[in-house]
Amino acid sequence: MFIVMVSSELAPVAKVGGLADVVFGLSRELEIRGHAVEIVLPKYDCMWYDEIWGLHKIADNLSVPWHGSSVNCSVWFGFVHGRKCFFIEPHSQDNFFQRGSFYGFHDDPMRFAFFSKATMEFMLKFDKRPDIIHCHDWQTGLVPVLLYEIYARLGMDRQRVVYTIHNFKHQGVTGEAVLWGTGLCRPEYFFHYDRLLDNFNHTAINLMKGGIVYSNYVVTVSPHHSWEARFTDQGYGLGQTLAIHHYKFGGILNGVDYDLWNPETDRFIPSHFNVWNVEGKYANKDALRERLWLRKEFKPIVAYVGRLDAQKGVHLIQHALFHALEKGAQFVLLGTGGDRGINNHFWHLKHYLNENADCHLEIGFNEQLAHLIYAGSDLMIVPSLFEPCGLTQMLAMRYGSVPVVRAVGGLVDTVFDRDHSDKPPELRCGYVFHDADFPAIESALSRSIGLWYNYPKEFRRLVTNAMAMDYSWAQSGTHYLNVYEQVRCK
Ligand SMILES: Nc1ncnc2c1ncn2[C@@H]1O[C@H](COP(=O)(O)OP(=O)(O)O[C@H]2O[C@H](CO)[C@@H](O)[C@H](O)[C@H]2O)[C@@H](O)[C@H]1O
């Protein structure tokens, strides 16, 4: 099969969060299985260009219809760790992708509507006729709309779209200007409940809803979250739309790229280890302490790696920090976020704890440090308020850091409580709590820290259980291929 991935992120060149990892990991898995995969991305000025091999311009005259006129684009090609990538660079005064960061601008819906339109033009004019166009999140929700409403008639009538939703909270709710920009025009047609009209704001369209309505299949990133999105408020207003389209909606658990994230070969950690030789892990703990100026003492290290966003349960993260210190653990945090208030809050916390040799807060994005934290920590907290899948708990397990998670979304599908799960003992791989309040996380953390101090052999067994779990792309790749096979034009 020939698959074109259309995405606003790709690890490691353009990564804000888990979307980037998934697009890379899934593409790689599909290629390993013999399928042809090409990835289309915006050419951001802030990408990590040294991770792109052989980048060169293949065209500088892709004319993209826009607002009744056109925008000239250059198209670049390069390999990102073996993946074939096309980068679209528009030349207009809007400077859509020359802004120094990936998201966070008032015209984000317009920026990515342009990207969606340009991707369609690129495929049309460069004779790309994939079996499957695989889009991700609200940024590319307009692709299936454009395909069905415009490009099918121009010769792209055999292309089918699979749409993966990584986060229902961000939907791209915007005004009709996007329709005029992309040539969809006809607001009276698209401002309709059955099409793009936002389910709550009747003066706005919703790009993610467009993605759901117009795609041939819609996936969210874990089975449990597919249920939550339909039957609880976690669909953020799209539950009704999912109910209407339930016959083409399902959950597929994300995988983790076990090649990139491999404690046996990881180039970012000083000591390699595996499930048969966990001993090697502890040199990484020393290295982590050295790197972050933590005191060397006989204590477990509790960590948090992730975006600093309300989604992640910031009040619980902060509480866990103080509780861990109180229980005799050390605490390490690596994170950053789009919300200035939350970021500032953690900067204050960092200054407040500056002299404390048992904790370190690193505010920023640092891929290499993330690897060292997974490898050097003993426990990893994921106290999310909602979590469509969650990669941190899976990465932590891969590196023998025991996850302490809240029972939501994909965390339910991947972490099984040591004391309370009904799974067989060898599949129990972490700690799970239910309520989003302080006593709940305290109890789970106390259990885990208690085990570390009082029953080290038992803790070691939990570490190896976690490491032995298989969350590679092998299974999820098969599920996606089944979906592709089901919808493709035969
Ligand atoms: N400051 C930092 N420095 C270095 N690395 C950092 C970092 N902050 C985060 N990361 C990395 O980014 C990834 C985050 O993964 P998550 O599953 O938490 O994704 P996120 O919530 O962004 O995305 C959404 O999409 C993903 C993918 O589908 C879903 O798993 C998830 O539930 C959903 O919310 C991990 O690889 C983590 O190591």
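Residues numbered from 1 in each chain as written. Predicted model: local features only at pLDDT ≥ 70, side-chain atom pairs only at ≥ 80, totals over all residues. Heavy atoms only, no water.

As recorded in an unreviewed UniProt entry, the protein goes by the name Glycogen synthase, listed as coming from Candidatus Defluviicoccus seviourii. Entered under Function (unreviewed entry) in the UniProt record, the comment concerning the protein runs "Synthesizes alpha-1,4-glucan chains using ADP-glucose." As its UniProt record puts it under Catalytic activity (unreviewed entry), the protein is described as follows: "[(1->4)-alpha-D-glucosyl](n) + ADP-alpha-D-glucose = [(1->4)-alpha-D-glucosyl](n+1) + ADP + H(+)". (UniProt positions renumbered as here; feature names shortened; annotations may be inferred.)

> Explain the packing of helix H9 (residues 281-291) against helix H12 (residues 367-376) to me, and be specific about the residues and the numbers.
One can describe the packing of H9 onto H12 by two numbers: an axis separation of 8 Å at closest approach and a directional angle of 130°. As the angle between them shows, H9 and H12 are arranged oblique. Relative to H12, the crossing made by H9 is left-handed. Of H12, the residues touching H9 (which contributes Lys281, Asn284, Lys285, Ala287, Leu288 and Arg291) are Leu369, Leu372, Ile373, Tyr374, Ala375 and Gly376. Here the residues of the contact of H9 with H12 sort into seven nonpolar, two polar and three charged. (Axes fitted to C-alpha atoms, helices over the stretch in contact; angles between N-to-C directions. Helix = DSSP H or I, 4+ residues; strand = E, 2+ residues; numbered from the N terminus. Parallel < 35°, antiparallel > 145°, perpendicular 65-115°, else oblique. Left-handed = near helix turned anticlockwise from the far one by under 90°. Contact = heavy atoms within 4.5 Å. Nonpolar A, V, L, I, M, F, W, Y, C, P; charged D, E, K, R; others polar.)

> Got a sec to walk through the packing of helix H3 (residues 142-149) against helix H6 (residues 207-214)? Specific residues and values, please.
One can describe the packing of H3 onto H6 by two numbers: an axis separation of 7 Å at closest approach and a directional angle of 50°. Of the possible angle classes, the one that applies to H3 and H6 is oblique. Our pair here, H3 against H6, has a crossing hand that is left-handed. Of the residues in H6, those in contact with Leu142, Pro144, Val145, Tyr148 and Glu149 of H3 are Leu207, Gly210, Gly211 and Tyr214. Residue composition of the contact of H3 with H6, by class: six nonpolar, two polar and one charged.

> I'd like to hear about the pairing of strand E7 (residues 160-165), residue by residue, with values.
Extensive coverage of E7 is indicated by the burial of five of its six residues. Taken together, the five bridges between strand E6 (residues 132-136) and E7 define a ladder with parallel strand orientation. Across the sheet, residue His136 finds its bridge partner in E7, namely Thr164. With H3 bridging E6 and the parallel E7, this β-α-β connection has right-handed handedness. Bridge count for E7 against strand E10 (residues 217-220) is four bridges, and the pairing is parallel. Across the sheet, the residue bridging to Val162 is Tyr217, located in E10. (Buried < 20%, exposed > 50% of the residue type's maximum accessible area, 1.4 Å probe, protein only. Pairing = 2+ DSSP bridges. Right-handed = clockwise from strand over helix to strand, strands pointing away.)

> Describe the domain arrangement of the protein, with residues and values.
Domain annotation of the protein identifies domain 1 (2-256 + 474-487) and domain 2 (278-470). Contacts between the two partners involve 21 residues from domain 1 and, on the opposite side, 17 residues from domain 2. A buried area of about 1,600 Å², summed over both sides, lies between domain 1 and domain 2, and 66% of it is on carbon and sulfur atoms. On the surface where domain 1 and domain 2 come into contact, there are one salt bridge. We note a salt bridge from Lys15 to Glu367, for which the minimum N-O separation is 3.5 Å. (Domains from an automatic or database assignment. Buried area = accessible area lost by both parts, 1.4 Å probe. Salt bridge = Lys/Arg side-chain N within 4 Å of Asp/Glu carboxyl O.)

> So, unusual backbone geometry: which residues are in play, and what are the values?
Each neighbour pair has its own omega, and for Ala11 with Pro12 the value is -5°, a cis peptide bond. Summarising the element assignment, Pro12 is placed in the loop between strand E1 (2-6) and helix H1 (18-32). One non-glycine residue, His81, adopts positive backbone phi at about 45°. Within the secondary structure, His81 sits in the loop between strand E4 (69-80) and strand E5 (83-91). Taking relative accessible area as the criterion, His81 reaches 33% and is therefore assigned partly exposed.

> Describe in detail the sheet that holds strand E11 (residues 249-251), supporting the description with residues and values.
With mixed pairing, the nine strands of this open sheet are ordered in space as E3-E4-E5-E2-E1-E6-E7-E10-E11. Strands with a single pairing partner mark the edges of an open sheet, and in this sheet they are strand E3 (52-66) and E11. This sheet shows a mean twist of 25° between the axes of neighbouring strands, independent of strand direction. Lying over the sheet, H3 contacts E1, E6 and E7, oriented at roughly 145° with respect to E6. Along the sheet, helix H17 (residues 473-487) contacts E1, E6, E7 and E10; its crossing angle with E7, the most-contacted strand, is approximately 145°.

> Before we move on, can you summarise the sheet that holds strand E16 (residues 402-406) with the specific residues and values?
Spatially, E14-E13-E12-E15-E16-E17 is the arrangement adopted by the six strands of the open sheet, whose pairing is parallel. Of all the strands in the sheet, just strand E14 (359-363) and strand E17 (431-433) have a single pairing partner and so form its edges. On average, each strand axis in the sheet is tilted by 15° relative to the strand beside it, whichever way the strands run. Across the sheet, helix H11 (residues 340-352) lies against strand E13 (330-336) and E14, angled at about 145° from E14, the strand it touches most. Of the strands in this sheet, strand E12 (301-307), strand E15 (379-382), E16 and E17 touch helix H15 (residues 438-454), which is tilted by about 165° from E17.

> Please set out the side chain of Ser8 residue by residue, giving values where relevant.
Along the chain, the position of Ser8 falls in the loop between E1 and H1. Polar side-chain contacts of Ser8 include one of 2.9 Å to the side chain of Tyr103. For Ser8, the contacting residues outside a window of four places in its chain are Leu19, Leu41, Pro42, Tyr44, Tyr103, Phe112 and Gln139. (Polar contact = N/O pair within 3.5 Å; in protein donor to acceptor, adjacent residues only side chain to side chain.)

> Lay out the nonpolar core with the relevant residues and their values.
If you look at the biggest cluster of nonpolar residues, it comprises 170 residues, and the most contacted ones within it are Phe331, Phe346 and Tyr484. Per element, the largest residue contribution to this core is ten residues, and it comes from helix H2 (residues 108-125). Summarising the domain contributions, this core has at least three residues from each of domain 1 (2-256 + 474-487) and domain 2 (278-470). Residues contacting Phe346, with those up to four places away along its chain left out, are Leu308, Val314, Ile317, Leu333, Leu361 and Ile363. (Core = buried A, V, L, I, M, F, W, Y, C linked by side-chain atoms within 4.5 Å.)

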